[in-house]
Amino acid sequence: MTSDPQTRALSQALAQGQEPTEAFVWAWLPGATEPVVAGRLQATGDLIEFNYGRSYLDRDDAIALYLPELPLRRGIIDPLDGLRMAGCIADAGPDAWGQRIVMQHLLGAGAGGADPAQLHPLTYLLSSGSDRIGALDFQFSATEYISRDDDSASLEELMNAADRVDRGLELSPALDRALLHGSSVGGARPKALLGAGDRKLIAKFSSSTDPYPVVRAEFAAMELARRAGLNVAKVQLVETLGRTALLVERFDRVEGSRERRAIVSALTMLELDEMMARYASYADLAQVIRERFTDGRDTLRELFSRITFNILVGNTDDHARNHAAFWDGEALTLTPAYDICPQGTSRGGSDPGDGVRARRVPLQPLGRLRERGGHLPADRDRGARDHRRSDRRRRIAVRRRGAGGRYDRGRPPVLLAPPVPQPLRLGGLGR
Ligand SMILES: Nc1ncnc2c1ncn2[C@@H]1O[C@H](COP(=O)(O)OP(=O)(O)O)[C@@H](O)[C@H]1O
Ligand SMILES: [Mg+2]
């Protein structure tokens, strides 16, 4: 079933119970149309360390892949305390949906219900598609770059393939290859990458278990957000084969060019990983924006508008991988908004007020937020505060930022949405 040499080698190794222990990171530098090798990832125990290559450090145009995680220097660089690997690397890898595609690709359709943790993170990085979000890719070789891109499939073929995976069915080798191309894109919803002339698109599909027309709801919210004046990714709704797909224009690609724009998620900016995602707070994000973003003041206004809009449309899935920034080697710039989708509630309602109540965000202090130029109100969620106190890794993260310092003002923060558990199971995906 496998196609390119890299995934073929991975399949063979897996069949013998082996997984890769290293991978080379290739990067598209700002303005470049071809990647250069930047360094090596090495699995050591539970950690994945990074080492810049000498050839990369010697380049005049080299940039740090992300700061403060991976400063341009010689020698092994450990992930920040509490992380298994650098967040900017993890951002470039697949999430629940992509992991499912990779598992199906390497292990067959029977892998549908298997635990995604049974494959090593390096296996996911090395076998997912090369056209990944941002400006990185991962290869077995430090000298030869072999792309795993294949964007020749039509929307109908991709939709059909995603539907078969959603229902736990086998894929033909051609459909398997087509879907693997988009497997590196994060998120849990069924999706694929699509080329449309010079434009690069993410196609988001419905799932057999959607309790309401999720794709249409996302289109409506994204379009409404644009009309309300937010900076959002361009979206288009298309009907084909009697089903609906949302086409989202990629902002990490430059139209008509082979350039790629580096991106990091808010989770990475907050120095957290998925296990600690429940500690991501808008206040910490606002602080990162003040200190490290271009156009800090305008960005705070935009962030506040996005938070408000999410509350109004009942998007309770506003987690730290649903915010991102471009990285140019020195500063961060907020990307257009994406994945704004009203969520159904556990009670089955879709009243926007439910979203607010579900998040326990007090509406009244939000008024004060405006006066304070982007500061967010205190969250009164005692459960979250208790967790915050007791979690060792959170303490490490806070200590790293300077306890009692800039980030920790002694107030419990307003938290972004906690990650929703995404069990990989046959017959559909949760959000
Ligand atoms: N327009 C876009 N351009 C570039 N990257 C995007 C865009 N939209 C989403 N992404 C990236 O793709 C990931 C998955 O997309 P998302 O819409 O969040 O899917 P899901 O609904 O499955 O969470 C995001 O976390 C982000 O990294
Ligand atoms: Mg998302």
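Draft legend 1. Main features of the overall build of the protein chain. Of the regular secondary structure elements, the protein chain holds 15 helices and 12 strands. Across the 431 residues that make up the protein chain, the buried fraction comes to 45%. Taking contacts inside the protein chain between residues at least 6 apart in sequence as the whole, the part at least 24 apart equals 67%.

Draft legend 2. Representation of the nonpolar core in the model. Judged by nonpolar contacts, the single largest core of 107 residues is most densely connected at Ala27, Leu158, Leu179, Leu270, Ala280, Leu285 and Ala325. Sorting elements by how many residues they give to this core places helix 8 (residues 214–227) first, with seven residues. For Leu179, the contacting residues outside a window of four places in its chain are Ile101, Leu158, Ala161, Ala162, Val165, Leu171 and Ala192.

Draft legend 3. Spatial organisation of the sheet that holds strand 6 (residues 191–196). In spatial order, the strands read 6-7-9-8; together these four strands make up an open sheet with antiparallel pairing. For this open sheet the edge positions go to strand 6 and strand 8 (235–240), each flanked by a neighbour on one side alone. Neighbour-to-neighbour, the strand axes of the sheet open up by a mean angle of 30°, direction not taken into account. Here five bridges tie strand 7 (residues 199–205) to strand 9 (residues 243–249), and the two strands are oriented antiparallel to one another.

Draft legend 4. Representation of the site of ligand 1 in the model. Near ligand 1, the surroundings consist of 19 residues, among which Gly187, Arg189, Ala233, Tyr338 and Asp339 are the closest. Broken down by class, the residue content of the shell around ligand 1 amounts to 10 nonpolar, three polar and six charged.

Draft legend 5. Structural view of the packing of helix 6 (residues 155–166) against helix 7 (residues 173–181). Contact geometry of helix 6 with helix 7 gives a least axis separation of 9 Å together with a crossing angle of 95°. By the angle between their axes, helix 6 is roughly perpendicular relative to helix 7. Across the interface between the two elements, Glu157, Leu158, Asn160, Ala161, Ala162 and Val165 from helix 6 touch Leu175, Ala178 and Leu179 from helix 7. Here the contact of helix 6 with helix 7 is built from residues that sort into seven nonpolar, one polar and one charged.

Draft legend 6. View of the packing of helix 10 (residues 282–292) against helix 11 (residues 296–313). Axis separation between helix 10 and helix 11 bottoms out at 9 Å; the angle between their running directions is 155°. What the angle tells us is that helix 10 and helix 11 run roughly antiparallel. Of the two elements, helix 10 crosses helix 11, and the hand of that crossing is right-handed. Where helix 10 approaches helix 11, its residues Tyr282, Leu285, Ala286, Ile289 and Arg290 are matched on the opposing element by Gly296, Thr299, Leu300, Leu303 and Ile307.

Draft legend 7. Broad picture of the sheet that holds strand 11 (residues 324–327). Read across the sheet, three strands follow the order 10-11-12 without closing on themselves; strand pairing throughout is antiparallel. At either end of the open sheet lies a strand with only one pairing partner, and these are strand 10 (263–265) and strand 12 (332–334). Direction aside, neighbouring strands of the sheet carry axes that sit 35° apart on average.

Draft legend 8. The confidence of the model for the protein chain, seen in detail. Per-residue confidence for the protein chain averages 83 on the pLDDT scale, and 80% of its residues sit at or above 70. Overall, residues 402–410 carries pLDDT values under 50, and its contacts beyond four positions in sequence, including any with other chains, amount to nine contacts. Across residues 421–431, confidence stays below pLDDT 50; counting only partners more than four residues off in sequence or on other chains, it has 36 contacts.

Draft legend 9. Geometry of unusual backbone geometry. Going from Leu67 to Pro68, the amide bond is cis rather than trans, its omega being 10°. Located in the positive-phi region is Glu271, a residue other than glycine, with phi close to 60°. Along the chain, the position of Glu271 falls in the loop between helix 9 (266–269) and helix 10. What makes Glu271 buried here is the crowd of 23 C-beta atoms within 10 Å. Even without a glycine there, the phi angle at Asp295 is positive, about 55°. Along the chain, the position of Asp295 falls in the loop between helix 10 and helix 11.

Draft legend 10. A look at the pairing of strand 9. Where strand 8 and strand 9 come together, six bridges link them in antiparallel fashion. Counted as the bridge partner of Leu237 is Leu246 from strand 9. Between strand 8 and the antiparallel strand that follows it, strand 9, lie two residues; Leu241 among them carries a positive phi value of about 55°.

Draft legend 11. Up close: helix 11. Here helix 11 spans 26 Å end to end across 18 residues, near enough to the 26 Å set by a 1.5 Å rise per residue. All of the buried residues in helix 11 are Thr299, Leu303, Arg306, Ile307, Phe309, Asn310 and Val313. Taken around the axis of helix 11, the buried residues stretch over an arc of 165°, which confines them to a single face. With its phi angle positive at about 75°, Gly314 sits one or two positions after the end of helix 11.

Criteria and cut-off values
- Residues numbered from 1 in each chain as written.
- Chains lettered and ligands numbered in written order.
- Predicted model: local features only at pLDDT ≥ 70, side-chain atom pairs only at ≥ 80, totals over all residues.
- Helix = DSSP H or I, 4+ residues; strand = E, 2+ residues; numbered from the N terminus.
- Buried ≥ 20, exposed ≤ 12 C-beta atoms within 10 Å, placed from the backbone.
- Contact = placed C-beta atoms within 7 Å.
- Core = buried A, V, L, I, M, F, W, Y, C linked by C-beta atoms within 7 Å.
- Pairing = 2+ DSSP bridges.
- Axes fitted to C-alpha atoms, helices over the stretch in contact; angles between N-to-C directions.
- Near = placed C-beta within 6 Å.
- Nonpolar A, V, L, I, M, F, W, Y, C, P; charged D, E, K, R; others polar.
- Parallel < 35°, antiparallel > 145°, perpendicular 65-115°, else oblique.
- Left-handed = near helix turned anticlockwise from the far one by under 90°.
- pLDDT = per-residue confidence, 0-100.
- Expected span 1.5 Å × (residues − 1).
- Arc of directions from axis to C-beta.

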